[in-house]
Amino acid sequence: MFKPVSPKLNVNKMEEAILQFWKDENIFQKSTDIRKGGPEYVFFEGPPTANGKPGVHHVISRSIKDVILRFRTMQGNHICRRGGWDTHGLPVEIEVEKKLGFKNKQQIEEYGIDKFNALCKESAFTNIQEWERMTERVAYWVDLSTAYVTYENEYIESEWAILKNFFDRNLLYQGFKVVPYCPRCGTPLADHEVSQGYKEAEDPSIFLRFQLTDQPDVNLLVWTTTPWTLTANVAIAAHPDVDYVKFERQLAEGGSEQLIMAEVLLPKVLPDEEIKILERYKGADLAGWKYEPLYNFLPLEKPAHRVILADYVTVEDGTGLVHIAPSFGAEDMEVGKANDLPVLMTVGSDGAFVPEVTPWAGVFVKDADPEIIKELYSRGRMLKHGKIKHTYPFCWRCATPLLYYARPTWYIRTSQFRAGWLN
């Protein structure tokens, strides 16, 4: 009744024979056809990008999908297993840019967008044969002969139709949000993408004097690790419940100066210095105090350069006074909205300063940090500076330092679907 199993069984040969049998007898198509008219089970293939080689993780995901679809087929469901290929997006662009030796997006325009797109279409299917071979070898049943391709007009038109549907239902809106942004790739990154690119990095650690308007002999002492963001400073934040002090310290060149900062951080910032406490305040007492701006590169549409209150200010590091640039920080943007502060966009989408920032126009912001520090020293604004080692996010695709950067972005009001807000 049963054939004995040979102890010299060649598993690979057996699997290949089964695959060939399925292919010769068109078993996949027959398994679909005989279930026509049965209950539909909807399947959307999450399309891989065929310009990269398949890996073990693709074998896993394809196997899991196939197990579920085979089970549903055995339950009598009719399933359209149409494959797909993702040919849009940065992976394809970056691959072509590397081949052409491009360093920035402007070179694409100089080269010619039509020619560049043609190379991207060609590159999109660099490894198509390997993908098809892997798909067949792991016995993943999917129809690749009718696979959708995301660069084809039919697919693009369907996306525009969906967006028009959202627009007609008032579900599309444009917002302004600080996002982790790669100036090299010209795109924001999702949180899971950011988590892939953290590295140990060394950045400046600088302590700055901000001169009070009503007390010109007194300076607020502020710490930052991003000197380039000072070009967009519009406020300084203090914690309402922290204890701050005005104190006097002696200057090496003679004379003295008066500074204000959190009292608990004095030993960290000025160790071994003799200081004289002049006054004590709660952070709430400082609210509304005005100071002289470090820079005036862009016009102000709203009142700025004053002390505001923020509960997220800590006394773990720095001075307990935080420089606020809403265009370059998510928390800064939120506190900026709450205090009706202007948003100064001093940096372009390429990560370089805009023309209005005349001393460093066109310079990548990280490259400008040493020059900004030097300029602040020349004006007596710098108390001291050093270096800090910390983890910093880099683009996982191209290793460019990410910038937290305010970008106008289109959103879909998905939250309106909750609690039956939309019928």
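Note that the coordinates shown come from a computational prediction; the quantities given were computed from them, not determined experimentally.

1. With respect to the side chain of Ser 327
Item 1. The residue Ser 327 is located in the loop between strand E12 (321-324) and helix H12 (330-338) in this model.
Item 2. On the accessibility criterion, Ser 327 (0% relative accessible area) is buried.
Item 3. Those residues in contact with Ser 327, other than ones at most four positions away along the chain, are Val 178, Ala 232, Val 343, Leu 344, Met 345, Tyr 404, Tyr 405 and Ala 406.

2. Some remarks on the sheet that holds strand E4 (residues 187-188)
Think of a sheet as strands paired side by side through backbone hydrogen bonds, with each pair either parallel or antiparallel.
Item 1. One open sheet accounts for 3 strands, arranged E4-E3-E14; its pairing is antiparallel. Each end of this open sheet is capped by a strand with a single partner; those strands are E4 and strand E14 (403-412).
Item 2. Pairing geometry for strand E3 (residues 172-182) and E14, over 10 bridges, is antiparallel. Considered in E14, the bridge of Phe 176 is made with Pro 408.

3. Remarks on the packing of helix H4 (residues 90-100) against helix H6 (residues 113-124)
Item 1. Where H4 meets H6, the closest approach of the two axes is 9 Å, and the angle between their N-to-C directions is 110°. The pairing of H4 with H6 is recorded here as roughly perpendicular in orientation. Taken as a pair, H4 and H6 cross one another with a handedness that is right-handed. Judged by residue contacts, Val 92, Glu 93, Glu 95, Val 96, Glu 97, Lys 99 and Leu 100 of H4 engage Phe 116, Leu 119, Cys 120, Ser 123 and Ala 124 from H6.
Item 2. Looking at the contact of H4 with H6, its residues break down into 7 nonpolar, 1 polar and 4 charged.

4. Some words on the pattern of salt bridges
Item 1. For the structure shown, the criterion picks out 22 salt bridges.
Item 2. Lys 282 is the salt-bridge partner of Asp 243, the closest N and O atoms lying 2.8 Å from each other. Residue Asp 243 is found in strand E8 (residues 243-250), and its partner Lys 282 is found in strand E10 (residues 275-282); the two are separated by 39 residues along the sequence.
Item 3. With a relative accessible area of 40%, Asp 243 lands in the partly exposed category.
Item 4. Linked by salt bridges that have partners in common, Glu 93, Glu 97, Lys 105 and Arg 184 make up one network.

5. Looking at the state of the cysteines
Item 1. Under the defined criterion, the tally for this structure stands at 0 disulfides.
Item 2. Note on Cys 395: no disulfide assigned, nearest cysteine sulfur contributed by Cys 398 at a separation of 3.7 Å.
Item 3. Cys 395 gets classed as buried once you look at its relative accessible area, which sits at 3%.

6. A closer look at the pairing of strand E5 (residues 198-211)
Item 1. Inspection of the sheet shows E5 paired to strand E13 (residues 382-393) by 11 bridges, in the antiparallel sense. Within E13, the position partnered with Ile 206 by the bridge is His 385.
Item 2. Bridging between E5 and strand E6 (residues 218-224) involves 6 bridges; their strand directions are antiparallel. Bridge pairing in E6 links Gln 211 to Asn 219.
Item 3. Between E5 and the antiparallel strand that follows it, E6, lie 6 residues.

7. Remarks on H4
Note on helix geometry: an α-helix contains 3.6 residues per turn, so any two residues three or four positions apart are oriented the same way.
Item 1. Residues Leu 90, Val 92, Ile 94, Val 96 and Glu 97 constitute the buried set of H4.
Item 2. Among the structural elements, helix H5 (106-111), H6 and E4 are those in contact with the buried residues of H4.
Item 3. After H4 finishes, the residue Gly 101 shows a positive phi value of roughly 75°.

8. Structural notes on unusual backbone geometry
Item 1. Phi is positive for Ala 139, close to 65°, though the residue is something other than glycine.
Item 2. Position of Ala 139 among the secondary structure elements: in the loop between helix H7 (128-137) and strand E2 (143-149).
Item 3. By relative accessible area, Ala 139 is classed as buried at 18%.
Item 4. Of note in the backbone geometry, Asp 340 takes a positive phi value of approximately 55° without being a glycine.
Item 5. The exposure class assigned to Asp 340 is partly exposed, which follows from its relative accessible area of 44%.

9. As for the layout of surface pockets
Item 1. Space inside the largest pocket adds up to approximately 1,000 Å³.
Item 2. Thr 224, Thr 225, Thr 226, Val 322 and Glu 331 are the residues nearest the centre of the largest pocket, which is lined by 31 residues in total.
Item 3. When contributions to the lining of the largest pocket are tallied by element, the ones reaching two or more residues are E6, E12, H12 and E13.
Item 4. For the lining of the largest pocket, the element with the most residues is E13, which contributes 5 residues.
Item 5. Among the residues making up the lining of the largest pocket, the classes are represented as 15 nonpolar, 12 polar and 4 charged.
Item 6. By volume, the second largest pocket amounts to about 450 Å³.
Item 7. Every residue lining the second largest pocket is counted, 16 residues in all, and those nearest its centre are Phe 28, Glu 136, Tyr 140, Trp 141 and Val 142.
Item 8. Broken down by secondary-structure element, the contributors of at least two residues to the lining of the second largest pocket are helix H1 (11-25), helix H2 (27-33), H7 and E2.
Item 9. Here the lining of the second largest pocket is composed, by residue class, of 8 nonpolar, 4 polar and 4 charged.

Definitions and limits used
Residues numbered from 1 in each chain as written. Predicted model: local features only at pLDDT ≥ 70, side-chain atom pairs only at ≥ 80, totals over all residues. Heavy atoms only, no water. Helix = DSSP H or I, 4+ residues; strand = E, 2+ residues; numbered from the N terminus. Buried < 20%, exposed > 50% of the residue type's maximum accessible area, 1.4 Å probe, protein only. Contact = heavy atoms within 4.5 Å. Pairing = 2+ DSSP bridges. Axes fitted to C-alpha atoms, helices over the stretch in contact; angles between N-to-C directions. Parallel < 35°, antiparallel > 145°, perpendicular 65-115°, else oblique. Left-handed = near helix turned anticlockwise from the far one by under 90°. Nonpolar A, V, L, I, M, F, W, Y, C, P; charged D, E, K, R; others polar. Salt bridge = Lys/Arg side-chain N within 4 Å of Asp/Glu carboxyl O. Disulfide = S-S within 2.5 Å. 1 Å grid on protein atoms, 1.4 Å probe; cavity = no way out; pocket = protein on both sides within 12 Å on 5 of 7 lines; lining within 4 Å. Points joined across faces, edges and corners; volume = space filled by probe spheres on them.

This is a description of form; function is not addressed.
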